[in-house]
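What follows is each chain in one-letter form.
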Amino acid sequence: MRNREKWRPSKYVFRNGKLVASRDPNEVGIGSRLIADLVADSYARNLKTHAKGRLLDLGCGKAPLYGAYGNLVTDTICVDWGNSMHASDYLDFEQDLTKKTHFEDNEFDTIILSDVLEHMPVPQDLWSEMARILSTNGKVIMNVPFYYSLHEQPHDYYRYTEFALRRFVVAAGLKLILLDRIGGAPEVIADIFSKNIVRVPGLGRPIAAFAQWLTFRFVGTPFGRRISNATSASFPLGYFLVAEKPL
């Protein structure tokens, strides 16, 4: 990773030893704190198990997850395309992600793809490319939004169901290891409410922050967790996935 020694946390930070969304509104909008916290938790729980060897952070932006995976891997290569809204000092290669990369077959043990797949006009091409450059037993670790507002327009093309994600994995010749739903109806309602109320002058920002904090506390209770889990099949806020390249 270029300028590794200058790396600073951005979207995700460690607080009391836990990976969470930054509270800096320049890094994470107030209306996006809830989903970012949930995504951070998914990566924190799974990177320790699945990240290893030579890692490719594909669509890296500011490499916000480096603090979570940096000590788990032997090498990090950061790649992003020129259309990214998140300029990066850590970029090793600028790459149009809709085209074949210059990397060799079986070159990487881990690929991170965080909030990227929805921006690919032909997503199966990227899956095929990841399968090509992934080593045997190497893993793709990724998340995508589902019930989520348009972002980085006009390069926001799709929202994928869990069934579409399963098809991508199979079509690329990979093996699905994990597919988790992120959030359910309470989180979706809080996310939509917060992203709209935050626009109201004066009280909008504190109301949005409070609504997301309250929802996070609610789904942390046994009753709230049951509601979130029961509704996540039909109303997921997003998905977290790990896929492996088999022998």
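Structure shown above.
Going along each chain's sequence as written, the residues are numbered from 1 onward. Where totals are concerned, whole chains, interfaces and linings use all residues; where local detail is concerned, this predicted model gives features only for residues with pLDDT of at least 70, and gives and counts side-chain atom pairs only at 80 or more. For side-chain calculations, the full set of non-hydrogen atoms in the structure is used, while hydrogens and water are omitted.

**Quick notes on the state of the cysteines**
Any pair of cysteine sulfurs within 2.5 Å is marked as a disulfide. Enumeration over the complete set of coordinates arrives at zero disulfides. Left unpaired, cysteine 60 is separated from the closest cysteine sulfur, that of cysteine 78, by 4.4 Å. When a residue's accessible area, from a 1.4 Å probe over protein chains only, is under 20% of the maximum for its type it is buried; when over 50% it is exposed; and in between it is partly exposed. On the basis of relative accessible area, cysteine 60 is assigned to the buried category, the value being 4%. In this structure cysteine 78 comes out as buried when scored by relative accessible area, which is 0%.

**A closer look at the pattern of salt bridges**
By salt bridge we mean one thing: a side-chain nitrogen of Lys or Arg within 4 Å of a carboxyl oxygen of Asp or Glu. Overall, the coordinates contain 13 salt bridges when judged by the stated rule. Of the charged contacts in the structure, one is a salt bridge between aspartate 75 and arginine 4, with a shortest N-O distance of 3.9 Å. Within this pair, whereas aspartate 75 is found in strand 4 (residues 75-80), its partner arginine 4 is found in the segment before strand 1 (12-15), the two being separated by 71 residues in sequence. On the basis of relative accessible area, aspartate 75 is assigned to the partly exposed category, the value being 24%. Strands are runs of DSSP state E lasting at least 2 residues, helices are runs of H or I lasting at least 4, and numbering of each runs from the N terminus.

**Considerations on the nonpolar core**
With 35 residues, the main nonpolar core has Leu47, Ala63, Tyr69 and Ile141 as its most contacted residues. Contributions of two or more residues to this core are made by strand 2 (18-21), helix 1 (33-50), helix 2 (66-69), strand 8 (175-182), helix 5 (185-197) and strand 9 (238-244). With eight residues, helix 1 is the largest single contributor of residues to this core. Apart from residues lying up to four places away in sequence, leucine 47 is in contact with Ala68, Tyr69, Leu72, Ile112 and Ile141. Phe103, Leu134, Ala172 and Tyr239 belong to the second-largest nonpolar core, a separate cluster that totals 33 residues. Within this scheme, the nonpolar core is defined by two criteria: the residues are buried Ala, Val, Leu, Ile, Met, Phe, Trp, Tyr or Cys, and they are joined through side-chain atoms within 4.5 Å. Pairs of residues are marked as contacts when any of their non-hydrogen atoms sit within 4.5 Å.

**Structural notes on the packing of helix 3 (residues 123-133) against helix 4 (residues 162-171)**
Two numbers describe how helix 3 lies on helix 4: the axes approach to 9 Å, and their chain directions differ by 45°. By the criterion of interaxial angle, the relationship of helix 3 to helix 4 is oblique. When you trace helix 3 past helix 4, the crossing you get is right-handed. Taken together, the residues of helix 4 that come into contact with helix 3 (itself represented by Pro123, Gln124 and Trp127) are Arg167, Phe168, Val169 and Ala171. Polar here means any residue other than Ala, Val, Leu, Ile, Met, Phe, Trp, Tyr, Cys and Pro, which are nonpolar, and Asp, Glu, Lys and Arg, which are charged; Gly is therefore polar. Per-class residue counts for the contact of helix 3 with helix 4 are five nonpolar, one polar and one charged. Between the N-to-C directions of two axes lies an angle of 0 to 180 degrees, each axis being a line fitted to C-alpha atoms and, for a helix, fitted only over the stretch in contact. Here roughly perpendicular refers to angles of 65 to 115 degrees, roughly parallel to angles under 35, roughly antiparallel to angles over 145, and oblique to all remaining angles. Crossing handedness: left-handed means the near helix sits turned counterclockwise from the far one by under a right angle, and right-handed means the same turn made clockwise.

**A word on the packing of helix 5 against helix 6 (residues 204-219)**
Interhelical geometry of helix 5 versus helix 6 gives an angle of 170° and a closest axis separation of 8 Å. Taken together, the axes of helix 5 and helix 6 are roughly antiparallel relative to one another. Contact residues: Pro186, Glu187, Ala190, Phe193, Ser194 and Ile197 in helix 5; Gly204, Ile207, Ala208, Ala211, Gln212, Thr215, Phe218 and Val219 in helix 6. Counted by class, the contact of helix 5 with helix 6 contains nine nonpolar, four polar and one charged residues.

**A few points about the packing of aromatic side chains**
A pair of aromatic rings is counted whenever rings of Phe, Tyr or Trp (Trp by its six-membered ring) have centres within 6.5 Å, and the orientation is called stacked for planes under 30 degrees apart, edge-to-face for over 60 and tilted otherwise. For the structure on display, the rule yields 14 aromatic pairs. Consider the rings of phenylalanine 146 and tyrosine 147, whose centres lie 5.3 Å apart with planes at 80°: the pair is edge-to-face. Judged by relative accessible area, which is 32%, tyrosine 147 ranks as partly exposed. Aromatic pair tyrosine 157 and tyrosine 158: ring centres 6.4 Å apart, planes at 55°, arrangement tilted. Judged by relative accessible area, tyrosine 157 falls into the partly exposed class, the value being 35%. Assessed through its relative accessible area of 35%, tyrosine 158 is described here as partly exposed.

Spatial relationships are all this shows, so hold off on functional conclusions.
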